[in-house]
Structures are given as structure tokens and as C-alpha cells.
Amino acid sequence: FVLLFAVWLSVLGGLLAFRFLLGPQEHRHGSRSAAWIDMPSVLYNVQGEEGDDSSHPNCFRAKFASNPVVLQDFIAQFPLARNATFHYRFKKKSDTEFGYIWKDVSTPSEPVPLYNGLIWAKVMQTSSQPTAFSAQAVPAAVSRKQSASPKARRPAGATSPKKTKTRKPASKSRSAKPATTPVPDQSASLFGPAAGSGGNSPGAGAGAGSNGSSGSSSKSSKSPTATKTINTDGITMDDITLADGFETKSEVVQQAMIQRAKELVAKQREKVKKLKEKDAAAESLKAAKRAAEGSAGAELDKWAKDSTGGLRKIRTLLCELPKVLWSGTKWKPVDMGDVMDPKRVRLVYFKSMRIVHPDKLKADASPEQKVRAERIFDALNNAWKLFQAQEM
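None of these values were measured; they are calculated from a predicted model.

What counts and what doesn't
- Residues numbered from 1 in each chain as written.
- Predicted model: local features only at pLDDT ≥ 70, side-chain atom pairs only at ≥ 80, totals over all residues.
- Heavy atoms only, no water.
- Helix = DSSP H or I, 4+ residues; strand = E, 2+ residues; numbered from the N terminus.
- Buried < 20%, exposed > 50% of the residue type's maximum accessible area, 1.4 Å probe, protein only.
- Contact = heavy atoms within 4.5 Å.
- Areas by Shrake-Rupley, 256 points an atom, 1.4 Å probe, with all protein chains shown as cover.
- Axes fitted to C-alpha atoms, helices over the stretch in contact; angles between N-to-C directions.
- Parallel < 35°, antiparallel > 145°, perpendicular 65-115°, else oblique.
- Left-handed = near helix turned anticlockwise from the far one by under 90°.
- Nonpolar A, V, L, I, M, F, W, Y, C, P; charged D, E, K, R; others polar.
- Expected span 1.5 Å × (residues − 1).
- Salt bridge = Lys/Arg side-chain N within 4 Å of Asp/Glu carboxyl O.
- Patch = residues over 30% accessible without salt bridge, like charges linked within 9 Å, V, L, I, M, F, W, Y side chains within 5 Å.
- Lys, Arg positive; Asp, Glu negative; His and termini not counted.
- Charge placed at Lys NZ, Arg CZ, Asp CG, Glu CD.

Draft legend 1. Spotlight on the overall build of the protein. Regarding its fold elements, the protein presents 8 helices and 5 strands. Order of helices (α) and strands (β) in the protein, N terminus to C terminus: α-β-β-α-β-β-β-α-α-α-α-α-α. Within the protein, the fraction of its 392 residues that count as buried is 30%. Summarising the internal contacts of the protein: among those between residues at least 6 apart in sequence, 62% fall at separations of at least 24. Carbon and sulfur atoms make up 55% of the accessible area of the protein, which totals about 25,600 Å².

Put into C-alpha cells, the structure is as follows:
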């Protein structure tokens, strides 16, 4: 009884000690994450983008620092905002026939509506120029978490922090206030400074560095990728088709819609041009192969057929193969004694296939080489089938 009581006391003491050590960490973690909104799925479609389907929207995960989420925070987390400027519309429930409407949100401090508890955006590119971002363009939730817990960046199994290369946290303080964290965005260039900001809002100052630089802290941020410019010269308003409701849009949106329509027409014309070039190249190859067939056809017929016009035996074809091969092939000639054994015939046949198979030719092979490879392949393949039926 005394032994059981002692064991019970030791187990109870261990549980209390574990709870005492774990309790403050859980409390600190809860106070840190309570200010953030974790949005597992943020849905979006790019209006006018080729291959983008509204029934299969794109998706990304984000953590927002404001509740409700405002446009400025959404732009800071939007993955395409680094490479271009967009106009944003969000899906919202309504009493209409379809049960929802698309609401245009243009003010950085304006709340973003939710649809069934999720953010569903429809964006349209208004400029192909990337927006300048500062080093804080990395989601604030991640950088704040790293500064609050620097040990989380240490690799597993490290025995000493001196042996691990870690970046210095952006702030020496272990606690940061979400309300005062600057959230860089592209709204300053698209919508102008927020009301009451006096032009000194964090979004407006994100790209205000000299010569387009983002300050000394921009070393850790990746530079935006260059956007391919589409040439729309020669495309007039008569060549494009604009969507319904074009007249009701603002001037900025109308210009973006016109530019997008011209780019689509330019892409279609480029595809048609490439298709015509491909067809012309195919016709040119056919004509060259017909000419090569006329010059090498008699030689190939003499190699493949006997005096009666029938197909020669495969042993004869393999022994006389050097007569019809083109120069530069690595073929070791064989004589009749090398292919008397059926197993040797099989071995030599498959070696020849590695050279004359049309798919094995180089990309820069001449039309005559292609004609010879096709004719030799067909003759050897048919002779091999007869050989299998008779001797294998």
C-alpha cells in the first residue's frame, strides 16, 4: 500500500509540473495568434485571363491582421500584386436572382465582403508594371511570428545556436502591435493615399524610395519578375470586342479593358501566324522528301526487293545494310556467317533499329536521311515479322 501511494504521488507531481511548465507557453501562444484571422482558402479569378475558369477558381492561404479584412491587407497578401496592378471586386450575398453580387472595392481602408465565410475576389489587370514593395511585403503574420520566436528558425537537431545561421529578426521586441505594423500594398499607386493619411500612409511609402529602391531592409525581399510585354501596334477599336457594361465602368477600368482586349487579339494573331508557319514548314518538308524519294528510291528498292519484286530475307538485308545507310552512322557491318544463328539475327536486328528508327534521328536530319530511315525501317520490320513466323 505504501509503495502504491508513493507511485501515485510521483505521477501526480509529474503531471502538475508538466502543466505548470506548459501553461505559460500556451497562454503566450494564444495571446499572439488571437489578433490574426487565419483564412485557409482565399478564392480568386483573373478576369479575361486565358484558361481561367470561374467554376474552378484559384486559391491561396493568408493571415490577415485586421478584422474585418480591409482591401489594403488583402492586396499585401495577394500573390499576383507583386507583378502588376489590379482592380478588385468581391463576391457578396444578396437577394437578387443569383443570390450574390460583385462589389467593387477601391478604398484601401474599405472592408472586404465575405461570401459563405470566405473571400472570393475577381481581379482585372489595369497595369502590367510591377508595384514596388518594401521588405515588409512578406506577410506580416509570418515576420511577426519569427520575431516573437527566433528559436523556431533553428534547424531541428542543432546543438548550439552559434553553429546555425539565422537572420536577425526585423524587430528586437518580442511583442509587436498588429495595429501599428505597416502593411505595404499597391493601393497608393492605384487609388491614391487613403483618406486622412495626408500622403504618409504605409502603402504610399512602400515604393517611395529613391531610384525605385525599397530601403535598406529590402535585401531579404525578392525582386518582382519582369512581365512580358505584348505588342498591340496596328490593333484598332474595330478589331476588338468589349464586354457588356463597358460604358458603366470608370475611365481607368475602361482603359484596362481595352488594353486587355487588344492583348487577346494580339495573342490570337500570333497563334495564327505560328500555325501558318508550321503548316508551311510541313509542306516544305513533304516536297523535299518527295524529291529525295525520287533520287534514292531506286537504290532503296534494289536493296529491299529481289529479282521477282518480293521482299528479301532479313539476313540479306542486314548484311547489305551499309549500301543504303547515310554517311555518319555508327554501324558495324556483318556478314552472313554472323547471322546464321537466329539469336544473332535478333541481336543484329535490334541494333539496326537503334539507327534507322525514324524517332532516333537528329532534329537537324536532312529530308533524304528521313526518307532513307523510313524506307529501311519498314523493310527490316516486315522482314523481321516473316522471320519470326518461319524460324522463331
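That was the structure; now back to the text.
Draft legend 2. Focus on the packing of helix α5 (residues 251–304) against helix α8 (residues 367–391). One way to put it is that α5 packs onto α8 with a least axis distance of 8 Å and a crossing angle of 45°. Between α5 and α8, the angle falls in the class oblique. Both α5 and α8 take part in a crossing whose hand is right-handed. Packed against α5, whose contacting residues are Leu285, Ala288, Lys289, Ala292, Glu293, Ala296, Gly297, Glu299, Leu300, Asp301, Trp303 and Ala304, the element α8 presents Pro367, Glu368, Lys370, Val371, Arg372, Glu374, Arg375, Ile376, Ala379 and Leu380 at the interface. A breakdown of the residues in the contact of α5 with α8 according to their chemical character gives 12 nonpolar, 1 polar and 9 charged.

Draft legend 3. The arrangement of helix α7 (residues 342–356) in detail. In this model α7 runs 21 Å from its N-terminal to its C-terminal C-alpha over 15 residues, within 8% of the 21 Å that 1.5 Å per residue would give. Tucked into the core, α7 has its buried residues touching α6 (314–319) and α8.

Draft legend 4. Quick peek at the environment of Leu361. Assignment of secondary structure puts Leu361 in the loop between α7 and α8. Sequence-wise, Leu361 and Ala373 are 12 residues apart; in three dimensions their C-alpha atoms are separated by 8.2 Å. Residues in contact with Leu361, not counting those within four places in the same chain, are Trp326, Ile355, Gln369, Lys370 and Ala373.

Draft legend 5. How the structure looks around unusual backbone geometry. In this structure, Asn116 takes a positive phi of about 55° despite not being glycine. Here Asn116 is to be found in the loop between β4 (100–105) and β5 (119–127).

Draft legend 6. The arrangement of the pattern of salt bridges in detail. Scanning the model with the defined rule gives 10 salt bridges in all. A salt bridge links Glu263 to Arg260; the shortest N-O distance between them is 3.4 Å. With a gap of 3 residues between them, Glu263 and Arg260 both fall in helix α5, about one helical turn apart. A single burial state applies to Glu263 and to Arg260, both of which are buried. Across the pair Arg312 and Glu320 runs a salt bridge whose closest N-O atoms are separated by 2.6 Å. Judged by relative accessible area, Glu320 falls into the partly exposed class, the value being 22%. Three or more residues joined by partner-sharing salt bridges are found here, namely Glu299, Glu368 and Arg372.

Draft legend 7. Broad picture of the packing of α7 against α8. Axis separation between α7 and α8 bottoms out at 10 Å; the angle between their running directions is 160°. Comparing their axes, α8 and α7 come out roughly antiparallel. In the packing of α7 onto α8, the handedness of the crossing is left-handed. In this structure, α7 contributes Pro342, Val345, Arg346, Tyr349, Phe350, Ser352, Met353 and Val356 to the contact, and α8 contributes Ala373, Ile376, Phe377, Leu380, Asn381, Trp384, Phe387 and Glu391. Classifying every residue of the contact of α7 with α8 gives 12 nonpolar, 2 polar and 2 charged.

Draft legend 8. Highlighting a positive patch on the surface. On the surface, Lys332, Arg344, Lys351, Arg354 and Lys360 cluster together into a positively charged patch. Here Arg354 shows up in helix α7. Relative accessible area serves as the criterion here: at 62%, Arg354 is assigned to the exposed category.

By themselves, these figures tell us nothing about what the structure is for.
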